[in-house]
Amino acid sequence: MRRRSFAAVLASATLVLGLAACGSSDSSSASDTLKVGVSPVPHGEILKYVSDNLAAAEGLKLEIVEFDDYIQPNVALREKQLDANYFQHIPYLEEEVASKGYKFTALKPVHIEPLGVYSKKVKSLAEVPSGGVVGIPNDPSNSGRALSLLAKNGLITLKDGVGVKATVADIAANPKNLDIKALDAAQLPRSLEDTAISVINGNYAIETGLKPATDSLALESGADNPYANLVVVRTGDEGDARVVKLEKLLHSPEVKKFIEDKYQGSVLAAF
């Protein structure tokens, strides 16, 4: 499925939304089609599996709209160009709500995309040179997560207690004088030509042909990981019958097996 820009989504949106303009969560929608904005990988692939294999039995139709950034899916949801989106985790959603005032509700965790360290220049973290450039995501939730991963692998030391909320100002020690550069998450795979290492979100790694389970120099653990991705809807729409059906299918044994078989540890089911 080809990605569409937000402008294209707006121009081509012909779906009659199943919810009244007031945002009612009345389950008697005018259409069984649910329009969901996703990152292409793995979210779009997981939803396509649901659409092709499970949805018909539940009387659900899915329209999957792909986005190549982390900003527009929430904008489109707010503006009712989508019924739901599936691309983000709770820490990112909390930042978006705090900064933009979205009235959104997160549903149950579906999967985890472990953040990983990748390189085209070195074969181990021990080989990262002094003064080496390190790319990390520029959104606060994922940048802190990236710094925490670097700290756990001995490249930097963070101030006590900051954990995944760390910023570069919280770096207590940087023995290799690493030059840490915050970049748009979608640009990080391309940054590998110019960095010693880059910390890349799992969806963007997979989308560009990297295999987190085997290609990363370091990888987040899935255990007790707070960064599970999930479906998000406008507050009040969580009772929409179409949303309830989608949630049931996304948390089914069939989807869990699909994630395990397709991604071989590069994406982990969170249920």
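Residues numbered from 1 in each chain as written. Predicted model: local features only at pLDDT ≥ 70, side-chain atom pairs only at ≥ 80, totals over all residues. Heavy atoms only, no water.

Just to check I follow, could you spell out the overall build of the protein chain for this structure?
When helices and strands are counted, the protein chain shows 10 helices and 13 strands. Put simply, of all contacts in the protein chain between residues at least 6 apart along the chain, 76% involve residues at least 24 apart. On the protein chain, roughly 11900 Å² of surface is accessible, and the fraction owed to carbon and sulfur atoms is 52%. (Helix = DSSP H or I, 4+ residues; strand = E, 2+ residues; numbered from the N terminus. Contact = heavy atoms within 4.5 Å. Areas by Shrake-Rupley, 256 points an atom, 1.4 Å probe, with all protein chains shown as cover.)

Got a minute to help me understand the packing of aromatic side chains in this structure?
Pairs of aromatic rings are described using the distance from one ring centre to the other and the angle between the two planes. Across all of its chains, the model carries 7 aromatic pairs by this definition. Summarising the aromatic geometry, the rings of Y102 and F104 are spaced 4.6 Å apart at their centres and angled 10° between planes, so their arrangement reads as stacked. Y102 gets classed as buried once you look at its relative accessible area, which sits at 4%. (Phe/Tyr/Trp six-rings, centres within 6.5 Å; stacked < 30°, edge-to-face > 60°. Buried < 20%, exposed > 50% of the residue type's maximum accessible area, 1.4 Å probe, protein only.)

I would appreciate a short explanation of the environment of D215 in the present structure.
With respect to the helices and strands, the residue D215 is situated in helix α8 (residues 212-215). For D215, a relative accessible area of 35% translates into the label partly exposed. Each C-alpha atom, one on D215 and one on K123, is 9.8 Å from the other, the two residues being 92 residues apart in sequence. In this structure D215 touches Y118, G209 and L210, once residues within four positions along its chain are discounted.

Help me out: how do you make sense of the pattern of salt bridges in this one?
Between side chains of opposite charge, a pair can form as their charged atoms come close. All told, the structure shown has 11 salt bridges when counted by the stated rule. Note that K48 is salt-bridged to D52, the shortest N-O span being 2.6 Å. Highlighted residues: K48 and D52, both in helix α2 (residues 40-53), separated by 4 residues, approximately one helical turn. Looking at K48, the relative accessible area reads 43%, which means it is partly exposed. (Salt bridge = Lys/Arg side-chain N within 4 Å of Asp/Glu carboxyl O.)

Quick question: what am I supposed to make of the confidence of the model for the protein chain here?
Low pLDDT means the predicted atomic positions in that stretch should not be read closely. For the protein chain, per-residue confidence averages 89 on the pLDDT scale, and 89% of positions sit at 70 or higher. This stretch, residues 1-30, has a pLDDT under 50; its non-local contacts, to residues over four places away or in other chains, come to 56 contacts. (pLDDT = per-residue confidence, 0-100.)

What is the right way to read the sheet that holds strand β1 (residues 33-38) from this model?
Two pairing modes exist for strands in a sheet, parallel and antiparallel, and in both the strands are linked by backbone hydrogen bonds. The sheet built from 6 strands is open, its strands ordered β2-β1-β3-β12-β4-β13 with mixed pairing. Strands at the two margins of the open sheet, each flanked by one partner only, are β2 (61-66) and β13 (268-269). Bridge analysis of strand β3 (residues 84-89) against strand β12 (residues 229-234) gives 4 bridges, and the strand direction is antiparallel. Residue pairing for β12: N85 is matched across the bridge by V232. Here helix α4 (residues 90-100) sits on the sheet and contacts β3, β4 (104-112) and β12; the angle it forms with β3, its principal contact strand, is near 110°. Along the sheet, helix α9 (residues 241-250) contacts β1, β2, β4 and β12; its crossing angle with β1, the most-contacted strand, is approximately 60°. (Pairing = 2+ DSSP bridges. Axes fitted to C-alpha atoms, helices over the stretch in contact; angles between N-to-C directions.)

I would appreciate a short explanation of helix α10 (residues 253-263) in the present structure.
Given 3.6 residues per helical turn, the α-helix brings residues three or four places apart onto the same face. Residues of α10 that are buried: V255, F258, I259 and Y263. Buried residues of α10 fall within an arc of 95° about the axis and therefore sit on the same side. Turning to α10, the residues buried within the fold contact α2, β4, α7 (202-207), α9 and β13. Q264, located one to two residues past α10, shows a positive phi value of around 50°. (Arc of directions from axis to C-beta.)

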